[in-house]
Amino acid sequence: MTAAALAALAPALPARAGGRSHVIVVDKMAFGAAPMGIKVGDTVTWTNRDIVRHTATARNGAFNVDLPPGASASAVMNRAGTIAYYCRFHPAMQAQISVSA
Ligand SMILES: [Cu+2]
């Protein structure tokens, strides 16, 4: 098993004190709209409503979230910037989120 796969299986870290939570729904082979106002220290949770497995994998390595069918998983945003991400199983699934400092 690769380090990346192990990281994907690790439980999500709790949000930093004061961090807010944001949800992105994954449905019909697409990532939902990016929440506005994400800040460093906030938690983003992806919820997979599909019957196939997805991931939310940042192109810059900021997060790599495994999303079995029906599951939710989270990542704490620990760097500012616009982060492009995709699904490792369905590379046509692409989206981005903006994280402010
Ligand atoms: Cu996928």
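Residues numbered from 1 in each chain as written. Predicted model: local features only at pLDDT ≥ 70, side-chain atom pairs only at ≥ 80, totals over all residues. Heavy atoms only, no water.

### Quick look at the sheet that holds strand β6 (residues 64-67)
What the five strands build is an open sheet, ordered β3-β9-β8-β5-β6; its pairing is mixed. At either margin of the open sheet sits one strand with a lone partner, and together these are β3 (38-39) and β6. Where strand β5 (residues 54-58) and β6 come together, four bridges link them in antiparallel fashion. Within the sheet, the bridge partner assigned to T57 lies in β6 and is N64. (Pairing = 2+ DSSP bridges. Helix = DSSP H or I, 4+ residues; strand = E, 2+ residues; numbered from the N terminus.)

### Digging into the packing of aromatic side chains
Evaluated as defined, the whole model comprises four aromatic pairs. With 5.0 Å between their ring centres and 40° between their planes, W46 and F63 make a pair best called tilted. With a gap of 17 residues between them, W46 in strand β4 (residues 43-48) and F63 in the loop between β5 and β6 connect regions that are remote in the sequence. Their ring planes at 75° and their centres at 5.5 Å tell us that W46 and Y85 sit as a pair that is edge-to-face. One end of the pair, W46, is in strand β4; the other, Y85, is in strand β8 (residues 81-86), and 39 residues separate them in sequence. Note on accessibility: W46 and Y85 belong to one class, buried. Aromatic rings pair up to connect F31, W46, F63 and Y85 into one cluster. Of note, R88 hangs over the ring of F89, and the distance from its end group to the ring centre comes to 5.7 Å. (Phe/Tyr/Trp six-rings, centres within 6.5 Å; stacked < 30°, edge-to-face > 60°. Buried < 20%, exposed > 50% of the residue type's maximum accessible area, 1.4 Å probe, protein only. Lys NZ or Arg CZ within 6 Å of the ring centre and 35° of its normal.)

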